[in-house]
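Report on the structure
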Amino acid sequence: MKWQKESNDLIKKQAGEGMVILLQNWKKRQKRHRVYRAALCLALAVSCLSLAGLLYYYIDCSIPSVINVRAGQEESFQLGVPATGEIISVSERGTSNIPQGAVNIDLSRKVTLKAAMESGYQMQVKLFGFLSFKNVDIRVIEDQELIPVGAPIGIYVKTNGILVVGTGEFQGGDGVSYSPGKYILKSGDYIRKINGEEVNEKDDFIRQVEASGGKEILLTVERDGELMDLKVTPVKDAGGNYKIGVWVRDNAQGVGTMTYIDSEGNFGALGHGITDVDTSTLMHMEGGTLYQTDIVDIQKGAAGNPGEMTGMIIYADDRILGDITDNSTRGIFGVCNQKALEMGVREALPIGLKQEIKVGPAQILCTIDGSTRYYDVEITAVRLDHDNVNRGIELTVTDSDLLNVTGGIVQGMSGSPIIQNGRFVGAVTHVLVQDSTKGYGIFIENMLNH
C-alpha cells in the first residue's frame, strides 16, 4: 500500500510538473504571438505610412508650384489628380476679373483658363475637394517669341572673390607638415577680402599671403550667403614661401551652346548654371564673356561615358560675342553684341509652356559638323515637379545622323533648343550617363524666369 501511495504521489507530481511545463510553453507561445502580432502591426503601420508618403509625394510632384498662362488666351492643362482648385487671391495691382472664391477648377480633368493681363492669381488645391493641400501661383505672362540659336559658345567667367576649392597640407622648413587653413576655411567659401582689401585675383591673393611674413591675416569670407571674418596665420614652407594650405580658383572656362536671343538682344544659354568642377557649387560671378568657338573634336558617348565636344576658344576681342551678366541654376544670361546678333538668323518662334508639351516627336537644334541644324528626338516624359528646375523634359535622341556622330547627347550640347510643333519649349541640359541616347531638358519658361 505504501508503495502504491508513493507511486500515486509520483504520478501526481509528474502530472503537475507536466501541467506547469504545458502552461509555461503556452505562455511562451502567447508571448511569441503577441510579439509577432505587434511586429505585424508595426510593419503594417510602416507600410501604410510609406504608401501615404509616396502618394503625398506623387501628388505633390504632379502639382507644380507655378503655372504660367498667357494673357488673354485660353490655356488648357490636366494634372490628373483627385483634387479641385479654388482661386483664393489675386494680385494687389489692378482689378481682377475673377473674384476671390468665385471659380473652382477640377484638376482631375482638362482645365481651360483665360486670364486678363494681371500679375497673377493664387489657387488653393484641395484633395478630394475638401482637404487643403497646397497653394499654386498662376502667373499671367505676355506671349513671347525667341530666336533659337543652337551654336557653340566659349565661356569665360570671373569669380566674385577667390573660390576655396579645398584645404591641404604642405611641408614646413622644419620638415613638419602644416595646414593652417584647415578647420578655418572649407570648400565653397569665397574669400572677398584680405586684411580689409578686396581681392579677386588668385595671384594677388597668393602674393599677399606671402607678404604677410608669417603674421596673422584677416580674411573676409562669404559662406552660405553670409559674410564672416576669419583669422589664419601663414607658415613658411620648405621653399621659404608663406602659405595657408588652401587650393583656390578665380575663374572658369568651358564650352556650351547658346539657346536663344530675344527681341531686345539678350541671350540665354546652357539651361543650367556654371558650377565649380571640384566643389560642385554654383560659381559667384563678378563678370563673364562669351566667345565664338569652333568644335575641333567630338568624343562619342557610350554607356558610362557621356562623351564630349571639344571647342577651341581664342580669347581675342574680335571673337567676343557678348557679356555674361548672370549665372543662375537656370543657365547663363547676358547681352549680345552685333557679332552674336548675326548668329540669330533663324525665324523667331513662339514659346511653348510646360502644359503644352506632349509626349512624342520633337527636335533639337545644335551644331555638330560645322553647320547648325535640327535633329529628331522623342520626348518621353514631361515632369511638372515643382522643384524640378533643369529636368522637366525627358527625351531620347532618335536621329540616326546625330547618333552616328555623337552617340546621342554629349557634354557641350547643354543649351541646345528643343522645338515641338513649331514652339520653342525648352533646352537640353543633361545626359543620362548610362545611356547617352537619353537626356533631360529645362522648360523654356524656367529659363526666362531666371
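Residues numbered from 1 in each chain as written. Predicted model: local features only at pLDDT ≥ 70, side-chain atom pairs only at ≥ 80, totals over all residues. Heavy atoms only, no water.

**Let's talk about the packing of aromatic side chains**
For the coordinates displayed, the defined rule picks out 2 aromatic pairs. Seen from their ring centres, Y156 and Y315 are 6.0 Å apart, and the 70 degrees between their planes marks the pair as edge-to-face. Of the two residues, Y156 sits in strand β9 (residues 152-167) while Y315 sits in the loop between β21 (308-313) and β22 (320-328), which places them 159 residues apart along the sequence. Accessibility expressed as a relative area gives 44% for Y315, which makes it partly exposed. (Phe/Tyr/Trp six-rings, centres within 6.5 Å; stacked < 30°, edge-to-face > 60°. Helix = DSSP H or I, 4+ residues; strand = E, 2+ residues; numbered from the N terminus. Buried < 20%, exposed > 50% of the residue type's maximum accessible area, 1.4 Å probe, protein only.)

**Some thoughts on the pattern of salt bridges**
A side chain with one charge can pair with a side chain of the opposite charge if their charged atoms come near. This structure, assessed with the given rule, holds 12 salt bridges. With its nearest N and O atoms 2.6 Å apart, the salt bridge here joins E356 to R70. On the criterion of sequence distance, the pair formed by E356 in the loop between β24 (349-350) and β25 (360-367) and R70 in strand β1 (residues 66-70) is long-range, its members being 286 residues apart. Connected through salt bridges with shared partners, the residues R70, D143 and E356 form a single ionic network. (Salt bridge = Lys/Arg side-chain N within 4 Å of Asp/Glu carboxyl O.)

**A look at the sheet that holds strand β28 (residues 417-420)**
With antiparallel pairing, 6 strands are arranged side by side around a closed barrel as β25-β26-β27-β30-β29-β28. Across the sheet, the mean angle from the axis of one strand to that of its neighbour is 45 degrees, orientation sign disregarded. Summarising the sheet, strand β26 (residues 372-382) and strand β27 (residues 393-397) pair through 5 bridges and their orientation is antiparallel. Opposite E378, over in β27, you have T396 as the bridge partner. (Pairing = 2+ DSSP bridges. Axes fitted to C-alpha atoms, helices over the stretch in contact; angles between N-to-C directions.)

**Topic: the pairing of β25**
In terms of residue burial, β25 counts as a mostly covered element, since 6 of its 8 residues are buried. Where β25 lies against β26, 8 bridges are found, and the strand directions are antiparallel. The partner of C366 across the bridge, within β26, is R373. Joining the antiparallel neighbours β25 and β26 is a turn of 4 residues, in which G370 adopts a positive phi near 100 degrees. As defined by bridge partners, β25 adjoins β28 across 2 bridges and the pair is classed as antiparallel. Looking at the pairing, Q363 lines up with I419 of β28.

**Re the pairing of strand β15 (residues 226-232)**
Note that strand β14 (residues 217-223) and β15 share 7 bridges and pair antiparallel. If you follow L219 over to β15, its bridge partner there is L230. Linking two consecutive strands that pair antiparallel, namely β14 and β15, is a turn of 2 residues; a positive phi of about 55 degrees is found at D224 within it.

**Thoughts on the environment of E197**
As for its placement among the helices and strands, E197 is situated in strand β13 (residues 197-198). When the C-alpha positions of E197 and T220 are compared, they lie 9.1 Å apart, and in sequence the two are 23 residues distant. Once residues within four sequence positions are removed from consideration, E197 is found in contact with R192 and Q208. (Contact = heavy atoms within 4.5 Å.)

**Re the environment of C61**
Relative to the elements of secondary structure, C61 occurs in helix α1 (residues 2-62). Accessibility expressed as a relative area gives 10% for C61, which makes it buried. Along the backbone, C61 and N388 are 327 residues apart, and their C-alpha atoms lie at a distance of 8.9 Å.

**Considerations on the confidence of the model for the protein chain**
Summing up the model confidence of the protein chain, the mean pLDDT is 84 and the portion of residues at 70 or higher is 86%. The weakest mean pLDDT in the protein chain belongs to strand β4 (residues 104-106) at 63; the strongest belongs to β28 at 97. Considering only residues more than four positions removed or in separate chains, one finds that residues 92-96, a stretch of pLDDT under 50, has 5 contacts. (pLDDT = per-residue confidence, 0-100.)

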